[in-house]
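Next come the chains, spelled out residue by residue.
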Amino acid sequence: MNNVNATPVSAPQTDSPPKAGATAPPHPLREFWGYFSQNRGAVIGLAIIIAMVLAALFADVIAPHSPIEQFRQSTLVPPVWQAGGSSQFLLGTDPVGRDMLSRLIHGVRLSLLIGLVSISLSLTTGVLLGLLAGYFRGLVEVAIMRLMDIMLALPSLLLAIAVVAILGPGLMNAMYAIAVVMLPHYARQTRAAVIGEMSRDYVSASRIAGAGTLRIMFNCVLPNCLAPLIVQATLGFSSAILDAAALGFLGMGAQPPTPEWGSMLASAMEFIQSAWWVVAFPGLAILISVLAFNLMGDGLRDALDPKLKR
């Protein structure tokens, strides 16, 4: 019987070429911009917001005059295109001779500052409260959410006025009041998102792997809840601008001569028939800024929500 020692022959290792038509997955930012740019309104809103940010950063350079400088000899001068207008004041002057264009430009800085501070305070506190309520449940959840329900039961403007009445009128106190008003929305949304994420398999796997409570809360659960919070925070900017304008109009926000759009409206109401520009331009600035943030928020929602991606 012949024994044949057959040696195994290894198959040649060759790098298989990539399949025809196969492409690398797009970068997340490129994919996000692809969905975001499909909404033309969102792109327009983003362009307006970028222009607002640039105007706020370079307000001292762009503004032709100081926002508090008074030209006593030029009170209630109409815009340059109207009879009696002056090229020195392109959008006219207010009842005490201050340049409207300069005050509007500096008002952009205040509006963005109010939105940024109030949203940061309310978002940070609301996320922490919602995360605690959604993770621990039980008595902690009941205590936090009942407090949020009580705050939501009050009209937002009335609650803001009550907070400012306690703290005193002023720009910073108005920011605190707006942050308190928007706090329940972020807490409720975070709690709902956390409850949905806690039933996922990756949370159970993290617990089995020995991850602690803080690691699960902040490293595992919270990053997966950020998409709706980003959208809500963007839309919250428009609410913050509106609430700040309302408080300023009532005399409980920024105090004169601070160039805040709401206080500009309040000081010019008696001239609404004789000098339309002192009311129209601040109101138009509020309208455009709120519309821009709402449009961009809609675009962010379409781009970040997988259910809405087409």
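Residues numbered from 1 in each chain as written. Predicted model: local features only at pLDDT ≥ 70, side-chain atom pairs only at ≥ 80, totals over all residues. Heavy atoms only, no water.

### Focus: the overall build of the protein
Okay, step 1: Across its full length, the protein carries 12 helices and 0 strands.
Okay, step 2: For the C-alpha atoms alone, the extent of the protein along its principal axes is close to 125 × 55 × 30 Å.
Okay, step 3: In the protein, buried positions account for 41% of the 310 residues.
Okay, step 4: Side-chain charges in the protein split into 18 positive and 16 negative, and the spacing between the mean points of these groups amounts to 8 Å. (Helix = DSSP H or I, 4+ residues; strand = E, 2+ residues; numbered from the N terminus. Buried < 20%, exposed > 50% of the residue type's maximum accessible area, 1.4 Å probe, protein only. Lys, Arg positive; Asp, Glu negative; His and termini not counted. Charge placed at Lys NZ, Arg CZ, Asp CG, Glu CD.)

### Details of helix 4 (residues 100–136)
Okay, step 1: The end-to-end C-alpha separation of helix 4 is 53 Å, in line with the 54 Å expected for 37 residues at 1.5 Å each.
Okay, step 2: Trailing helix 4 by a residue or two, Arg 137 shows a phi angle of about 55 degrees, which is positive. (Expected span 1.5 Å × (residues − 1).)

### Quick word on the pattern of salt bridges
Okay, step 1: Throughout the structure, instances matching the rule amount to 8 salt bridges.
Okay, step 2: Across the salt bridge formed by Asp 60 and Arg 109, the nearest N and O atoms sit 3.8 Å from each other. Of the two residues, Asp 60 is situated in helix 3 (residues 59–62) and Arg 109 in helix 4; the sequence distance between them amounts to 49 residues.
Okay, step 3: Among the residues examined, Asp 60 registers a relative accessible area of 58% and is labelled exposed.
Okay, step 4: A residue is classified by how much of its surface remains accessible, and Arg 109, at 31% relative accessible area, is partly exposed. (Salt bridge = Lys/Arg side-chain N within 4 Å of Asp/Glu carboxyl O.)

### As for the UniProt feature "transmembrane region" (unreviewed entry) in the protein
Okay, step 1: Feature annotation in UniProt assigns "transmembrane region" (unreviewed entry) to the following positions: residues 42–63, 110–136, 156–183, 225–254 and 274–297.
Okay, step 2: Along residues 110–136 the backbone is 100% helical and 0% strand, and the end-to-end C-alpha distance reaches 39 Å. (UniProt positions renumbered as here; feature names shortened; annotations may be inferred.)

### Some details on the side chain of Ser 102
Okay, step 1: Tracing the backbone shows Ser 102 in helix 4.
Okay, step 2: Of note is the side chain of Ser 102, whose polar atom sits 3.0 Å from the backbone nitrogen of His 65.
Okay, step 3: The contact partners of Ser 102, leaving out residues within four places of it in the chain, are Ala 63, Pro 64, His 65, Ser 66 and Pro 67. (Polar contact = N/O pair within 3.5 Å; in protein donor to acceptor, adjacent residues only side chain to side chain. Contact = heavy atoms within 4.5 Å.)

### Some thoughts on the state of the cysteines
Okay, step 1: Tallied over the entire structure, the rule returns 0 disulfides.
Okay, step 2: Here Cys 220 is not cross-linked by a disulfide; its sulfur's nearest cysteine counterpart is in Cys 225, at 11 Å. (Disulfide = S-S within 2.5 Å.)

### Remarks on the packing of aromatic side chains
Okay, step 1: Inspection of the entire model under this criterion finds 7 aromatic pairs.
Okay, step 2: Ring geometry for Phe 71 and Phe 89: centres 5.1 Å apart, planes at 65 degrees, overall edge-to-face. Here Phe 71 is found in the loop between helix 3 and helix 4, whereas its partner Phe 89 is found in the loop between helix 3 and helix 4, with 18 residues between them in sequence. The burial state of Phe 71 is the same as that of Phe 89; both residues are buried.
Okay, step 3: With centroids separated by 6.0 Å and ring planes inclined at 85 degrees, the aromatic side chains of Trp 276 and Trp 277 adopt a geometry described as edge-to-face.
Okay, step 4: When its relative accessible area of 35% is taken as the criterion, Trp 276 is described as partly exposed. (Phe/Tyr/Trp six-rings, centres within 6.5 Å; stacked < 30°, edge-to-face > 60°.)

### Quick word on a nonpolar patch on the surface
Okay, step 1: A contiguous nonpolar patch, built from Ile 50, Val 53, Leu 54, Leu 57, Phe 58, Val 61 and Ile 62 and spanning about 680 Å² of accessible area, is present on the exposed surface.
Okay, step 2: At 4 residues, helix 2 (residues 40–57) tops the list of elements feeding residues into the nonpolar patch.
Okay, step 3: Judged by relative accessible area, which is 46%, Phe 58 ranks as partly exposed. (Patch = residues over 30% accessible without salt bridge, like charges linked within 9 Å, V, L, I, M, F, W, Y side chains within 5 Å. Areas by Shrake-Rupley, 256 points an atom, 1.4 Å probe, with all protein chains shown as cover.)

### Points about helix 6 (residues 156–167)
In an α-helix, one turn spans 3.6 residues; hence positions three or four apart end up facing the same way.
Okay, step 1: With 12 residues, helix 6 extends 17 Å between its outermost C-alpha atoms, agreeing within 8% with the 16 Å of an ideal straight helix rising 1.5 Å per residue.
Okay, step 2: Within helix 6, burial applies to Leu 159, Ala 160, Val 163 and Val 164. Down the axis of helix 6, the smallest arc covering the buried residues is 135 degrees, so these residues share one side. Residues Ala 165 and Ile 166 are exposed on helix 6 and point more than 90 degrees away from its buried face.
Okay, step 3: Lining the buried residues of helix 6 we find helix 5 (138–153), helix 7 (171–198) and helix 10 (226–249).
Okay, step 4: Two residues or fewer past helix 6, Gly 168 is found with a positive phi of approximately 105 degrees. (Arc of directions from axis to C-beta.)

### A look at the environment of Arg 98
Okay, step 1: Relative to the assigned elements, Arg 98 resides in the loop between helix 3 and helix 4.
Okay, step 2: As for Arg 98 and Pro 67, which are separated by 31 residues in sequence, their C-alpha atoms are 6.7 Å apart.
Okay, step 3: Apart from residues lying up to four places away in sequence, Arg 98 is in contact with Pro 67, Ile 68, Glu 69, Gln 70, Gly 92, Thr 93, Arg 103 and Pro 257.

### Description of the nonpolar core
Okay, step 1: Grouped together as the largest cluster of nonpolar side chains are 61 residues, with contacts concentrated most on Met 100, Leu 104, Met 148, Ile 178, Trp 261, Val 278 and Phe 293.
Okay, step 2: Broken down by secondary-structure element, the contributors of at least two residues to this core are helix 2, helix 4, helix 5, helix 6, helix 7, helix 10, helix 11 (261–268) and helix 12 (277–304).
Okay, step 3: The biggest single contributor to this core is helix 12, with 12 residues.
Okay, step 4: Residues within four places of Leu 104 in sequence aside, it is in contact with Leu 91, Trp 261, Met 264, Phe 281, Pro 282 and Ala 285.
Okay, step 5: Counting residues in each nonpolar core, the second largest holds 9 residues, with Leu 131, Met 198, Val 221 and Cys 225 among its members. (Core = buried A, V, L, I, M, F, W, Y, C linked by side-chain atoms within 4.5 Å.)

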